[in-house]
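Coordinate inspection notes
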Amino acid sequence: MAAQLQPYNIIETCHISPPKATVPSTTLPLTFFDAPWLSLPLADSLFFFSYQNSTDSFLKDFVPNLKHSLSITLQHFFPYAGKLIIPPRPDPPYLHYNDGEDSLVFTVAESTETDFDQLKSDSPKDISVLHGVLPKLPPPHVSPEGIQMRPIMAMQVTIFPGAGICIGNSATHVVADGVTFSHFMKYWMSLTKSSGKDPATVLLPSLPIHCCRNIIKDPGEVAAGHLERFWSQNSAKHISHVTPENMVRATFTLSRKQIDNLKSLVTEQSENQSPVSTFVVTLAFIWVSLIKTLVQDSETKANEEDKDEVFHLMINVDCRNRLKYTQPIPQTYFGNCMAPGIVSVKKHDLLGEKCVLAASDAITARIKDMLSSDLLKTAPNWGQGVRKWVMSHYPTSIAGAPKLGLYDMDFGLGKPCKMEIVHIETGGSIAFSESRDGSNGVEIGIALEKKKMDVFDSILQQGIKKFAT
């Protein structure tokens, strides 16, 4: 499937920062939750909105308000306008915002030749077709002393006249996780939508909290190993991964009825008839379908000797309000605060008759174990589990989550008609969000080589038929 890349007209590139003198120059240390992301690729996301007006109307009526509200939002989420500072070793990297100097790059673009409907479609499309609406994060600046200063975030808004708008974001994950990013987007959205209203009547999300980073103590030199790996890989460029040729991305939706039927099937197969959550059973079903796809394409398909091979799935548990510090880390904490958990299932169970049950039982058990344990005491062992995951066949992870409400982003244009977590194309991730129609279904994004995507689609549909009524 060859990508038909169409040119985009760059209308404006500017710099957006918090209003001058509203945020003092601030330095924030990285925590042991941030350090693992130093060596990983950028986080990229796209939000598509229907918009029937012209480019002139867009530039006059929408863009000024979008830029102004972004500036006010950055007053509270200022690290996104700052830089990741990387001194020569052994000094650790840190975040810094310099009032009056730092900003994020904001690009306004137009496309009159790209098919907006095709761009936001669920059907398989070459991964490169979305790259034109992603912003380009500026390259790092390196001082004579060898200190790197890496921009944190860039934004791009693209108009498709008479069809729609796309708001794209690219950021280094080291500054914050998906919980913080969705908080940022919803604050910006609320301000944009409330333009012209009495500020006293506008209901905005709670403000982020930055001051508790010093509370997050490393329980066992967890960050040290991540720093060593980062220093050994470090260059003057942002980390990026080369994606395979002929790679496509597609979106699949499980309806509320399909999920309820799947939950009933898994509960009936369970010996103790235990109910299973929507997130767990959906993730189990998609993971099983993905592994079946990859194994079917593998030379090991008929190898009986590997029946005890173990496949691994990485999940994340939000540690906000769950860490045993003297003060809890609040839900509005700005930063990364996720603990990795590795779910392990033997091949013959994951491909067996009760495969979804085996996967859902393993996921449920891992989540319960993490929630009932002292996460700080287990933190020094997280790296060992992640290394096991990395070295395994078909390591799979998750990007996003239905509870983040990524479709709850109304900038005054209505909710998004499509959302994409673009960075899943760097390999091994499944994108999860709530269904866009508000029916409590689940939307899943997958990136695979074209032939494998066809197989995945077939396996998924066959699986759905087994619990359809």
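Now for a look at the structure at hand. (Residues numbered from 1 in each chain as written. Predicted model: local features only at pLDDT ≥ 70, side-chain atom pairs only at ≥ 80, totals over all residues. Heavy atoms only, no water.)

Glancing now at the nonpolar core. Of all hydrophobic cores here, the largest spans 63 residues; its most connected members are Y80, F106, F184, W188 and F411. Per element, the largest residue contribution to this core is eight residues, and it comes from helix α3 (residues 178-193). Aside from chain neighbours lying at most four places away, what touches Y80 is L74, L104, I152, M153, V175, A176, T180, F181, F184 and F334. (Core = buried A, V, L, I, M, F, W, Y, C linked by side-chain atoms within 4.5 Å. Buried < 20%, exposed > 50% of the residue type's maximum accessible area, 1.4 Å probe, protein only. Helix = DSSP H or I, 4+ residues; strand = E, 2+ residues; numbered from the N terminus. Contact = heavy atoms within 4.5 Å.)

What follows deals with the sheet that holds strand β2 (residues 26-29). As summarised here, the arrangement of the five strands in space is β2-β5-β4-β9-β8, forming an open sheet in which the pairing is antiparallel. Pairing within the sheet leaves two strands with one partner each, and these edge strands are β2 and β8 (141-142). In this structure, strand β4 (residues 83-86) lies alongside strand β5 (residues 94-97), joined through three bridges in antiparallel fashion. Within β5, the residue paired with K83 across the bridge is H96. (Pairing = 2+ DSSP bridges.)

In this structure, G335 sits in the loop between β13 (310-318) and β14 (338-346). We classify G335 as buried; its relative accessible area is 0%. Spatially, the C-alpha atom of G335 lies 3.8 Å from that of A176, the residues being 159 residues apart in sequence. Discounting residues that sit within four places of it in the chain, G335 has contacts with D34, V175, A176, D177, T180, R213 and R320.

On to the pairing of strand β9 (residues 148-151). Alignment of β4 against β9, held across four bridges, turns out to be antiparallel. When the sheet's bridge partners are listed, K83 is paired in β9 with P151. Here β8 pairs with β9 via two bridges, running antiparallel. Within β9, the residue paired with V142 across the bridge is Q148. Counted along the chain from β8 to the antiparallel partner β9, the turn is five residues long, and its residue G146 has a positive phi close to 85 degrees.

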